[in-house]
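# Geometric and topological summary
Each chain, written out:
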Amino acid sequence: QEYNKVVSKLSNLEKEKSQITDDTNTKSQEVHDLKARLALQEDTHTKAYDMVISKLSNLEEEKTRIIDTLNAKSQEISSLKDKVRIQEDAHTKAMENIAFLSQTNSIIPALKKEKDKMIKDLQN
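What this report covers is the structure whose coordinates are included nearby. The numbering scheme is per chain: residues are counted from 1 as the chain's sequence reads. Per-residue local features are limited, in this predicted model, to residues with pLDDT of at least 70; the limit for side-chain atom pairs, both in listing and counting, is 80 or more; totals at the level of whole chains, interfaces and linings are taken over all residues. Hydrogens and waters are ignored; side-chain quantities use all the structure's heavy atoms.

## Some words on a nonpolar patch on the surface
Going by this rule: In this analysis, a patch consists of residues with relative accessible area above 30% that form no salt bridge, clustered at 9 Å for like charges and at 5 Å for the nonpolar side chains Val, Leu, Ile, Met, Phe, Trp and Tyr. Here the accessible surface of atoms and residues is derived via Shrake-Rupley with a 1.4 Å probe, and residues count as covered only by protein chains that are part of the display. When a carboxyl oxygen of Asp or Glu lies within 4 Å of a side-chain nitrogen of Lys or Arg, that pair is called a salt bridge. Here a helix means four or more residues in a row that DSSP labels H or I, a strand means two or more in a row labelled E, and each is numbered from the N terminus. In this scheme, a residue with accessible area under 20% of its type's maximum is buried, one over 50% is exposed, and one in between is partly exposed, where area comes from a 1.4 Å probe on protein chains only.
Taken together, the side chains of Tyr-49, Ile-53 and Leu-56 present a nonpolar region at the surface, about 300 Å² in accessible area. On the secondary structure map, Leu-56 appears in helix H1 (residues 2-123). Take Leu-56: its relative accessible area is 45%, and that puts it in the partly exposed class.

## Overview of the pattern of salt bridges
All chains considered together, the criterion is met by four salt bridges. Residue Lys-47 is joined to Asp-43 by a salt bridge in which the shortest nitrogen-to-oxygen separation is 3.3 Å. Of this pair, Lys-47 and Asp-43 both sit in helix H1, four residues apart, roughly one helical turn. Lys-73 is the salt-bridge partner of Glu-76, the closest N and O atoms lying 3.7 Å from each other.

## As for H1
How we decide: For a helix, the expected span equals 1.5 Å multiplied by the number of residues minus one. Bend is computed residue by residue as the angle between axes fitted to the seven residues ending at the residue and the seven residues starting at it.
Relative to the 182 Å expected for 122 residues at 1.5 Å per residue, H1 spans 175 Å between its end C-alpha atoms, a close match to the ideal helical length. Helix geometry: H1 is bent most strongly at Ile-108, by close to 30 degrees, with proline Pro-109 lying one to four residues after it.

Structure follows, in structure tokens:
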């Protein structure tokens, strides 16, 4: 009877050991799976991070190009404004000269008449 108790206890211990081994294997597989998922997530995260850094770098380069273009356009605008101002000044001078010449052209015939009259008076 004592023997049966020991055999029964031994059998129960064997079952318990088998259950613990199964549980350990299940947990080991779960750990393995979780590590694999973690590695995949880290790889995905790294790739996403690299893509973001690359995109950020591209955007910085594009921003620099846009700023350079903007600065060049600002300089071009300034230069064109100077040219327009010079053209406007030249136009104003030309209009003043035209007005002066118009006045002069209207005075010349009167001056010629006056000159002719003076010459005639001097000859008499």
